[in-house]
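One letter stands for each residue in the lines below.
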Amino acid sequence: MNNIFAVAGVVIKELYRRKDFYVLFIVTILICLVMASVNIFNDAKIVRYLKEICLLLVWLSSLVIAITTTARQIPAERENRTLLPLLAKPLTRSQLIIGKFLGCWVACGLTLLCFYLFFGALSASREHQWPLLNYFQAATLHWFMLGIIVAMTLLGSLVFAAPSSNSTILFVIIGGILFVGRHLDQVALTLREPVRTIVYSIYFAIPHLELFDVRDLIIHNWPLIPWLYFSLALLYAVGYLAVFLTGACLVFRRKTVN
Amino acid sequence: MNSPRTFFLLLVALLVSCFGLAAHLEPQFQAWPGSRAKGDIFNVVLGDSRRLFANQFYVKADEYYHSGYYPTMFDDNAAFQTTHMAADTGAVNDKNHGDEHGFLGPTRNWIDAFGRHFFPDRHTHLDAGGPDDDLSGSDNVREILPWLKLSADLDPDNVQTYTVTAYWLRERMNNAAEADAVLHEGLRNCPDSYDILFELGRLYYESYHDPNRARNVWELGVRKWQKIYPTLDPEAQKDNRLIMEQLATHLAKLEEDAGNLPRAVEWFQAAQKVSLTPTLIQDQINRLKFKLGQELNPVLKPLY
């Protein structure tokens, strides 16, 4: 486990040395503050539009950070020729993959913490309430979804040639799942065989990332998600995360590293 | 080798010529009919496509009115043909049918059933308290206003945006001054709109308690309607009958409150001509005629 934590620690240090997070965080703050300064019929209590914009920026920023940070992990090690010396140490290939995953996931968690603290402060400044449990549920679901994405990206970085192609393909896939994933079964019903069966199979096979998008519940102050379903969603995420990580370990085990 | 002074003078000459050229071209550019710099920022950036975005934001306001419970393009949206926030103002032809509570239908599979716990899954209206069903929170309807304002900025010719905004500002926010400003802005952009005049009359009558201004505005609305109605196609005529009915019944109510019963009967009769429920209006006419008869007859005293 120490080897895994050591690799993860290096990844986290890399994230806070890079400027990606700071730029996205400052841009989010600036856009939200500009939007908050807009006068809408002299009513200072209007807040939901602001929450929506802020959460949208948080989601976009977190996706960008998760995918771009993870996509360059293994290719960068290979380009810098540090992969072989790293594996020459008492470190297995699976430990390296799990360490990279853990580092990226924890780094995403830290950035989410900053983003959600800002979001909480922004909405509290207008709503004068702090629904901590709702925010906890939203942030945790968001973080676990990022876990799936990090694992997917790590697998992609071993399959695709360059970090850029990996990032682009993943942005398209993740965007597709978030926008139409929930309705893919309805789309399948309008198609002819055998495309219908293929689309229907895709519907059941893909990780339904849209389950973790509870922004509407937060924006419109809906009650808490029942804890049973919340826990099941986390289990669902852990399942997919394990599948992609295992896939990444298996692919990396057979991959030439020089 | 040139001296720095030469470079400096060249730079100054360049700046002067730039300034002169800009000063020469600017008035020509302003006078040019194809200039896009005159309009607002949305007009410059989006052109005519801004109307598309305006409609999107108008629907977004209705989504907020439902606290996020809203059909997507994949769901059955028969019950959302007319936005509910507009239908609830009472001044719009409601074309909705079907089940507004269960547009999601029965669960299709385990993923669908499980997923319904993670987004709003109950039909509520913000003016009725939203997800909390707390009627004291009906002023939360304010949350639809930013999207309506944005929609009005993008498409200043959409009359419904002004009337809906003004209605909710007046009705739930008790902000008659802002509602007044919105309606006057609407009138500046759409001077022939009888819908805006109707809403303005309601503002004068119900919020400012000024029947004279309300009467003037509503009568102007009726005149505009009478002028425009014959030019509309049959489908649009069908849609525009409701607003005439509303104008006429409100004028009838105003005249009745003012004690001018014969005029009230006339307005009810005008409303009856365009109403989908003429028998209900006939009941009102009969009631007024009876009242009128009572006033004209001498008071009968019992003999014993």
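Computed from a predicted model, the values in this text were never measured in an experiment.

Asker: Hey, could you go over the overall build of chain B for me, with residue numbers and the actual values?
Answerer: Helix and strand counts for chain B stand at 13 helices and 0 strands. Starting at the N terminus and walking to the C terminus, you meet the elements of chain B as α-α-α-α-α-α-α-α-α-α-α-α-α. Computed over its C-alpha atoms, the radius of gyration of chain B comes to 28 Å, more than 25% above the 19 Å expected for a compact globule of 304 residues. The C-alpha extent of chain B, read off along each of the three principal axes, is 130 × 60 × 40 Å. Across the 304 residues in chain B, those meeting the buried criterion constitute 33%. When contacts within chain B are restricted to residue pairs at least 6 apart in sequence, those whose partners lie at least 24 apart make up 51%.

Asker: Let's hear about the interface of chain B and chain A: which residues, and what values?
Answerer: With 25 residues of chain B in contact, the opposing surface of chain A contributes 25 residues. A per-element tally of the side of chain B that touches chain A places helix 6 (residues 145-154) of chain B first, with 4 residues. In terms of residue class, the side of chain B that touches chain A is made up of 12 nonpolar, 8 polar and 5 charged.

Asker: Report on the environment of Ser167 of chain A, specifying residues and quantitative values.
Answerer: Residue and element names in this part refer to chain A. Along the polypeptide, Ser167 turns up in helix 8 (residues 163-180). Along the sequence, Ser167 and Arg18 sit 149 residues apart, while their C-alpha atoms lie 18 Å from each other. Ignoring sequence-local partners within four residues, the contact set of Ser167 consists of Ile67, Thr68 and Ala71.

Asker: Give me the packing of helix 7 (residues 159-171) of chain B against helix 8 (residues 176-189) of chain B: which residues, what numbers.
Answerer: Residue and element names in this part refer to chain B. Between helix 7 and helix 8, the least distance of the axes is 8 Å, while the angle of their chain directions is 170 degrees. In this view, helix 7 runs roughly antiparallel relative to helix 8, as classed from their interaxial angle. Every residue of helix 8 that contacts helix 7 at Val159, Tyr162, Thr165, Ala166, Leu169 and Arg170 is listed here: Ala176, Glu178, Ala179, Val182, Leu183, Glu185 and Gly186. A breakdown of the residues in the contact of helix 7 with helix 8 according to their chemical character gives 8 nonpolar, 2 polar and 3 charged.

Asker: Talk me through the packing of helix 2 (residues 20-36) of chain A against helix 6 (residues 93-127) of chain A; I want residue IDs and the actual numbers.
Answerer: All names here are of chain A. Between helix 2 and helix 6, the least distance of the axes is 11 Å, while the angle of their chain directions is 10 degrees. One way to sum up the angle between helix 2 and helix 6 is to call them roughly parallel. Side by side, helix 2 and helix 6 meet where Phe21, Phe25, Thr28, Ile29 and Cys32 of the first sit next to Thr111, Cys114, Phe115, Phe118 and Leu122 of the second. Here the residues of the contact of helix 2 with helix 6 are counted per class, giving 8 nonpolar, 2 polar and no charged.

Asker: Any chance you could break down helix 11 (residues 234-257) of chain B for me, citing the residues and the numbers?
Answerer: Residues and elements named next belong to chain B. Compared with the 34 Å implied by 1.5 Å per residue over 24 residues, the 35 Å span of helix 11 between its first and last C-alpha is a close match. Roughly 30 degrees is the biggest bend found in helix 11, and it falls at Asn240. Buried within helix 11 are the following residues: Ile243, Met244, Glu245, Gln246, Leu247, Ala248, Thr249, His250, Leu251, Ala252, Leu254 and Glu255. Structurally, helix 11 contributes buried residues whose contacts are with helix 9 (194-207), helix 10 (211-228) and helix 12 (261-274). Note on helix 11: the residue one or two positions beyond its end, Gly259, has a positive phi of about 85 degrees.

Rules and cut-offs
- Residues numbered from 1 in each chain as written.
- Chains lettered and ligands numbered in written order.
- Predicted model: local features only at pLDDT ≥ 70, side-chain atom pairs only at ≥ 80, totals over all residues.
- Helix = DSSP H or I, 4+ residues; strand = E, 2+ residues; numbered from the N terminus.
- Rg over C-alpha atoms; globule rule 2.2 N^0.38 Å.
- Buried ≥ 20, exposed ≤ 12 C-beta atoms within 10 Å, placed from the backbone.
- Contact = placed C-beta atoms within 7 Å.
- Nonpolar A, V, L, I, M, F, W, Y, C, P; charged D, E, K, R; others polar.
- Axes fitted to C-alpha atoms, helices over the stretch in contact; angles between N-to-C directions.
- Parallel < 35°, antiparallel > 145°, perpendicular 65-115°, else oblique.
- Expected span 1.5 Å × (residues − 1).
- Bend = angle between axes of the 7 residues up to and from the residue.

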